[in-house]
Amino acid sequence: MGGVGVHSGRPFLDTGTSVKITEIRVTQHEIDLDPPMYAAWDPDPRRSFAATVVRVETDEGVVGVGSGDTMAGFAPYRELFLGTDPLAIEPQVRRIASIAFHGGRFWPLEAALWDILGQVAGLPVSVLFGGVADRLPVYASWCSVQPPGRRAEDAAELVARGFRAVKVRVDPRDPEPGVASVAAVREAVGDRLDVLVDLNQAWRMPGDTRPAVELADIRALVRRLAEHAPGWIEEPLPYADVAGHRLLRADNPGLRIASGEMLDSETQVHALVDADALDVVQTDVVLSLGMSRTRRLAEDLAARHRRFTPHTWSNGVGLLANLHVAAGVGAGPYLEFPYDPAGGWTPERRDFLLAEPLWPAPDGTLAVPQAPGLGATLAV
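Rules of the game
- Residues numbered from 1 in each chain as written.
- Predicted model: local features only at pLDDT ≥ 70, side-chain atom pairs only at ≥ 80, totals over all residues.
- Heavy atoms only, no water.
- Pairing = 2+ DSSP bridges.
- Helix = DSSP H or I, 4+ residues; strand = E, 2+ residues; numbered from the N terminus.
- Axes fitted to C-alpha atoms, helices over the stretch in contact; angles between N-to-C directions.
- pLDDT = per-residue confidence, 0-100.
- Contact = heavy atoms within 4.5 Å.
- Salt bridge = Lys/Arg side-chain N within 4 Å of Asp/Glu carboxyl O.
- Buried < 20%, exposed > 50% of the residue type's maximum accessible area, 1.4 Å probe, protein only.
- Core = buried A, V, L, I, M, F, W, Y, C linked by side-chain atoms within 4.5 Å.
- Arc of directions from axis to C-beta.

1. Describing the sheet that holds strand S4 (residues 46-58)
- Read from one edge of the open sheet, three strands run S3-S4-S5, paired in antiparallel fashion. Lying at the two open borders of the sheet, with one neighbouring strand each, are strand S3 (21-37) and strand S5 (63-67). Between one strand and the next, the sheet's axes are offset by a mean angle of 20°, whatever the strand orientation.
- As judged from the twelve bridges shared by S3 and S4, these two strands associate in the antiparallel manner. Note that in S4 the partner of Glu23 across the bridge is Glu57.

2. A short note on the confidence of the model for the chain
- Summarising the model, the chain shows a mean pLDDT of 94, and 96% of its residues fall at 70 or more.
- Overall, residues 1-15 carries pLDDT values under 50, and its contacts beyond four positions in sequence, including any with other chains, amount to 38 contacts.

3. Section: the pattern of salt bridges
- Overall, the coordinates contain 25 salt bridges when judged by the stated rule.
- Of the charged contacts in the structure, one is a salt bridge between Arg304 and Asp274, with a shortest N-O distance of 2.6 Å. Placement of Arg304 in the loop between helix H9 (291-303) and strand S12 (307-308) and of Asp274 in helix H8 (residues 266-274) is noted, with a sequence separation of 30 residues between them.
- A salt bridge links Arg350 to Asp351; its shortest N-O distance comes to 2.6 Å. Each member of the pair, Arg350 as well as Asp351, is classed as buried.
- Shared partners join several salt bridges into a network, and the residues in it are Lys167, Arg169, Asp198, Glu234 and Glu336.

4. With respect to the nonpolar core
- Core analysis: the biggest nonpolar cluster contains 73 residues, and Leu199 and Leu225 have the highest contact counts within it.
- For this core, the leading source of residues is helix H10 (residues 316-329), giving seven residues.
- Not counting the four nearest positions on each side in its chain, Leu225 is found in contact with Val170, Val179, Val182, Val197, Leu199, Pro230 and Ile233.
- Judged by nonpolar contacts, the second largest core, of 36 residues, contains Ile99, Ala112, Leu128 and Phe129.

5. Points about helix H7 (residues 242-251)
- For H7, the full list of buried residues reads Gly244, His245 and Leu248. Angularly, the buried residues of H7 cover 100° about the axis, an arc narrow enough to put them on a single face.
- Packed against the buried residues of H7 are helix H6 (215-226), strand S10 (257-259) and H8.

Structure follows, in structure tokens:
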């Protein structure tokens, strides 16, 4: 097995490998959702689920795969990558970032490039990112608001399955059902689950023009939720409201504020961290900031005693990409595991791109695939 290093932005292998990109194929896939999925952040039930797959082919026969964002608008820029070296990761990341200004977020392409690099090196991508862990504890990330009694039962099931934590959705426009569910979960499982809370106030779905709930109401809501000792309060405010985030932390000493899942700017993330407005950063490596830049961010956060644990709500391939980066840098204390049968979200639906759905071990940890690259075996 060849060793891996870095020189002039390009990882080098002692095998003397030289690789060129010969083709980039972007394909769209979709499944019907019957019954629908109900997401607290989406005004409309989801009756289908679409996913994009990026395949990067090379002249050595190595094919890398990535998924996550839609790759919409990528076609005019495809030629910029053909004939280039997929192992020159930093130049490739800069190339992707340069076209993002004119097109969209094309970070699934970077995931495919890391998949190639891992295969050429004969190593899991997590090892290339630092190899701190080969598995991570997960938290069940619920997507829907359900009656408190149902959530108490769901939480007890999670404990039996070995989960370490759960995330409960609270709609700030109609908070009472969510607050009641948080209370019911805490009463049902006590300290056996860390109870996380998501207010979904930072960004909007396309076409959702509703304003965010005002800061005064959010302050009152967060104070109520703090009585149940949540592990964190997620996305309480729009990203731009740095002062508001800082005020919430000051209102509730010891309560962690989490956010940043869709932030595509390191500068914006640092603005929140520098202002002592954020404790937990959640940038998604295939939706917001990419793998390489997220690693840099995560290392900086660790040095400043902040947590990094990525958002993973895309699909099974996107979950794998986030798992590799998170395990590589030692993120934690948990990895997000989207799972909410009550709301219509199961591993089979989430991971329809994969030959087998991902599922944690009985001890509540999700293992990093040990195959070279991302270890994604596609079913499409």
